[in-house]
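Breakdown of the fold
Listed below, chain by chain, are the residues.
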Amino acid sequence: MSAMVEGKQEDEENLKKEVEKVILGTVGEADYDTDKATNWSEIMLAQIYKLTKKDGYKSAVLVEILPRKTDVLRRTKFLSIPGTDIVTMIEKKTEKVNVMVFIAMMKYD
């Protein structure tokens, strides 16, 4: 079994802050538009994936962009090794859009 990763909690909090910056830097206060949302998600995927690239981890990133007034019923469960893996969801709501980013960084030896 993998050893506990030192500073994992701090790494996860820093990752969340950086992802929020990417979201706001990409979407800002723009109105929702299907074509823009496709472009935004591609930009965010590339930038966030760079943030998750870390030696000893395999990572996956999912970005979902929805109009602000969309109701989302979410029941999400994560299966990971708490001491080593980073699995998180960042949700950022602006006045006009909802952005959800799911990140899984799985530790391997």
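Now for a description of the structure that goes with this document. If you're wondering where the values come from, they're calculated on a predicted model, not measured in any experiment.

Some details on the environment of Leu24
For Leu24, the position within the fold is in helix α1 (residues 8-27). Considering only alpha carbons, one finds Leu24 and Val99, 75 residues apart in sequence, at a separation of 9.6 Å. In contact with Leu24, not counting residues within four places along its chain, are Lys92 and Thr94.

Remarks on α1
Each α-helix winds once per 3.6 residues, and so residues spaced three or four apart point in a common direction. For α1, built from 20 residues, the straight-helix expectation of 28 Å at 1.5 Å per residue is met to within 8% by its first-to-last C-alpha distance of 28 Å. Taken residue by residue, α1 has Lys8, Glu12, Leu15, Val19, Val22, Ile23, Thr26 and Val27 as its buried positions. Taken down its axis, α1 places every buried residue within 100° of arc, on the same side. Facing away from the buried side of α1, by more than 90 degrees, are the exposed residues Glu10, Lys17, Lys21 and Gly25. Among the structural elements, α2 (34-52), β2 (86-93) and β3 (97-107) are those in contact with the buried residues of α1. Positioned one or two residues after α1, Gly28 has a phi angle of 55°, which is positive.

Observations concerning the packing of aromatic side chains
The full count for this structure, using the stated rule, is 0 aromatic pairs. Between the NZ or CZ atom of Lys58 and the centre of the ring of Tyr108, over which it lies, the distance is 5.6 Å.

Some words on the nonpolar core
Burial of nonpolar side chains together is a common tendency in soluble globular proteins. Judged by nonpolar contacts, the single largest core of 20 residues is most densely connected at Val19, Met44, Ile48, Val63, Val99, Val101 and Ile103. Secondary-structure elements contributing two or more residues to this core are α1, α2, β1 (57-67), β2 and β3. Apart from residues no more than four positions distant in its own chain, Val99 is found in contact with Ile23, Val27, Met44, Val63, Glu64, Ile65, Ile90, Glu91 and Lys92.

Quick word on the pattern of salt bridges
One pass over the structure, following the stated rule, counts 4 salt bridges. Between Glu13 and Lys16 there is a salt bridge, with its nearest N and O atoms 3.9 Å apart. With Glu13 and Lys16 both in helix α1 and 3 residues apart, this pair spans about one turn of that helix. Residue Glu13 is classed as partly exposed on the basis of its relative accessible area of 33%. Taking relative accessible area as the criterion, Lys16 reaches 24% and is therefore assigned partly exposed. Residue Lys21 pairs with Glu18 through a salt bridge whose shortest N-O separation is 3.3 Å. Of this pair, Lys21 and Glu18 both sit in helix α1, 3 residues apart, roughly one helical turn. Since its relative accessible area comes to 55%, Lys21 is described here as exposed.

About the cut-offs
- Residues numbered from 1 in each chain as written.
- Predicted model: local features only at pLDDT ≥ 70, side-chain atom pairs only at ≥ 80, totals over all residues.
- Heavy atoms only, no water.
- Helix = DSSP H or I, 4+ residues; strand = E, 2+ residues; numbered from the N terminus.
- Contact = heavy atoms within 4.5 Å.
- Expected span 1.5 Å × (residues − 1).
- Buried < 20%, exposed > 50% of the residue type's maximum accessible area, 1.4 Å probe, protein only.
- Arc of directions from axis to C-beta.
- Phe/Tyr/Trp six-rings, centres within 6.5 Å; stacked < 30°, edge-to-face > 60°.
- Lys NZ or Arg CZ within 6 Å of the ring centre and 35° of its normal.
- Core = buried A, V, L, I, M, F, W, Y, C linked by side-chain atoms within 4.5 Å.
- Salt bridge = Lys/Arg side-chain N within 4 Å of Asp/Glu carboxyl O.

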